[in-house]
Amino acid sequence: MDATWDAKGYDSSFGFVPKYGEDLLNLVSAKGGCAVDLGCGAGTLTRLLADAGFKVVGVDSSPEFISLARSRHPELEFILADISDFHSEKKFDLAFSNAVFHWIDRTRQPALLLCTAGILKSGGELVCEFGGFGNNAKIHARLSEAFERRNLHYKMPFFFPSIGEYVPMLEKYGFQVRYANLFDRPTPLGEGGLGKWLEMFIKRPFEGIGEDVKSSIIRDVVSASEKDLFRCGKWYADYVRLRIRAVKL
Ligand code: BEZ
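Here is a short report on the structure shown in this document. As the structure is a prediction and not an experimental result, all values here were calculated from the model.

## A few points about the site of the ligand
Here is step 1 of the chain: Every residue close to the ligand is listed here: H102, G131, N135, N136, F158, F160, W197, F201, Y239 and R241.
Here is step 2 of the chain: At 2.7 Å, a side-chain N or O of N135 approaches an oxygen atom of the ligand.
Here is step 3 of the chain: The contact in question runs from an oxygen atom of the ligand to an N or O atom on the side chain of R241, over 2.6 Å.
Here is step 4 of the chain: The protein chains hide 97% of the 260 Å² of surface that the ligand would expose on its own.
Here is step 5 of the chain: For the shell around the ligand, the secondary-structure elements that each account for two or more residues are α8 (193-201) and β8 (234-248).
Here is step 6 of the chain: Of the residues in the shell around the ligand, the class split is five nonpolar, four polar and one charged.

## Let's talk about α8
At 3.6 residues per turn, the α-helix brings residues three or four places apart onto the same side.
Here is step 1 of the chain: Of all the nine residues making up α8, seven are buried; the element is thus mostly covered by neighbouring parts of the structure.
Here is step 2 of the chain: Those residues of α8 that fall on the buried side of the exposure criterion are G193, L194, G195, W197, L198, M200 and F201.
Here is step 3 of the chain: The inward-facing, buried residues of α8 abut α1 (7-13), α6 (137-149), α9 (211-229) and β8.

## Focus: the packing of aromatic side chains
Here is step 1 of the chain: Evaluation of the coordinates by the stated rule reveals 14 aromatic pairs.
Here is step 2 of the chain: Each ring, one from F14 and one from F16, has its centre 6.0 Å from the other, and the planes form 65°; the classification is edge-to-face. Of the two residues, F14 and F16, both sit in the buried class.
Here is step 3 of the chain: When the ring of F158 is compared with that of F160, the centres are 5.5 Å apart and the planes differ by 25°; the resulting orientation is stacked. The exposure classification of F158 matches that of F160, with both residues buried.
Here is step 4 of the chain: Through successive ring pairs, a cluster of aromatic residues spans F14, F16, Y20, W103, F158, F160, W197, F201 and Y239.
Here is step 5 of the chain: The side chain of R185 reaches across the aromatic face of Y20, ending 3.7 Å from its centre.
Here is step 6 of the chain: Its guanidinium or amino end placed over the ring of Y236, R231 lies 4.4 Å from that ring's centre, counting from NZ or CZ.

## Focus on the layout of surface pockets
Here is step 1 of the chain: Roughly 180 Å³ of internal volume is contained in the largest pocket.
Here is step 2 of the chain: D105, R106, K155, M156, P157, F158, F159, F160, E165 and R204 are the residues that line the largest pocket.
Here is step 3 of the chain: Of the residues that constitute the lining of the largest pocket, the class distribution is five nonpolar, no polar and five charged.

## Focus on the side chain of D37
Here is step 1 of the chain: Here D37 is to be found in strand β1 (residues 33-38).
Here is step 2 of the chain: It is R47 that comes nearest to the buried, bridge-free D37 among opposite-charge side chains, at 11 Å.
Here is step 3 of the chain: Once you skip the residues sitting within four places of it in the chain, D37 turns out to touch L45, T46, L49, V56, V57, G58, V59, F96 and S97.

Cut-offs and rules
Residues numbered from 1 in each chain as written. Predicted model: local features only at pLDDT ≥ 70, side-chain atom pairs only at ≥ 80, totals over all residues. Heavy atoms only, no water. Near = heavy atom within 4 Å. Polar contact = N/O pair within 3.5 Å; in protein donor to acceptor, adjacent residues only side chain to side chain. Areas by Shrake-Rupley, 256 points an atom, 1.4 Å probe, with all protein chains shown as cover. Helix = DSSP H or I, 4+ residues; strand = E, 2+ residues; numbered from the N terminus. Nonpolar A, V, L, I, M, F, W, Y, C, P; charged D, E, K, R; others polar. Buried < 20%, exposed > 50% of the residue type's maximum accessible area, 1.4 Å probe, protein only. Contact = heavy atoms within 4.5 Å. Phe/Tyr/Trp six-rings, centres within 6.5 Å; stacked < 30°, edge-to-face > 60°. Lys NZ or Arg CZ within 6 Å of the ring centre and 35° of its normal. 1 Å grid on protein atoms, 1.4 Å probe; cavity = no way out; pocket = protein on both sides within 12 Å on 5 of 7 lines; lining within 4 Å. Points joined across faces, edges and corners; volume = space filled by probe spheres on them. Lys, Arg positive; Asp, Glu negative; His and termini not counted. Salt bridge = Lys/Arg side-chain N within 4 Å of Asp/Glu carboxyl O.

Set out below in structure tokens:
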């Protein structure tokens, strides 16, 4: 997971991320009990879980986000920890996560699922949504083309599995999958459009690349995407979501 976040910038320009997560709460079947919000960011959905009657803990590996969450919601508990290495004596009825699992490298997914199973009670549920197979395919294809034109290699930094890949992983780590859906969700971007989205989210592939080259790649990607990601004066990202509800056996 990328280590440093501009937590306030993310929160003010990309508030649609937790906004979409509100709908994910409808997939939760547990009625109260203890919940953990994995990758809680600024704590927006952690607060909604508390409002829904859960005794909730938010966990995030970003010190910037944890301090923002604590200042916004001083009545809630937040823990600074990597969710793929998070252990707890206390066992939870619900593990909830929105727009986070794709940040965990494929090689760390077993650790993530082992930890998540480990913190749930038997019969507890995992409800999560993240980028699924084909997520932002247009954007990543254009990044790859722009890198190659400069004799650079673009390594897509996210894990976007299909249902067919993820369900067996969940089963291997002790979950029974009750619901899985992969669906398109073209998502309107805020002010700054695609350029700002690229600056905020595509960090690792630009490590070691000068600012001038980075800016020219971003310009290329924005201009190549105008034909299909800019409609009626608004930028859209070609999001594909993977939504899961699984019960720990
Ligand atoms: C997503 O929510 O799918 C996502 C957001 C930023 C970068 C990659 C994926």
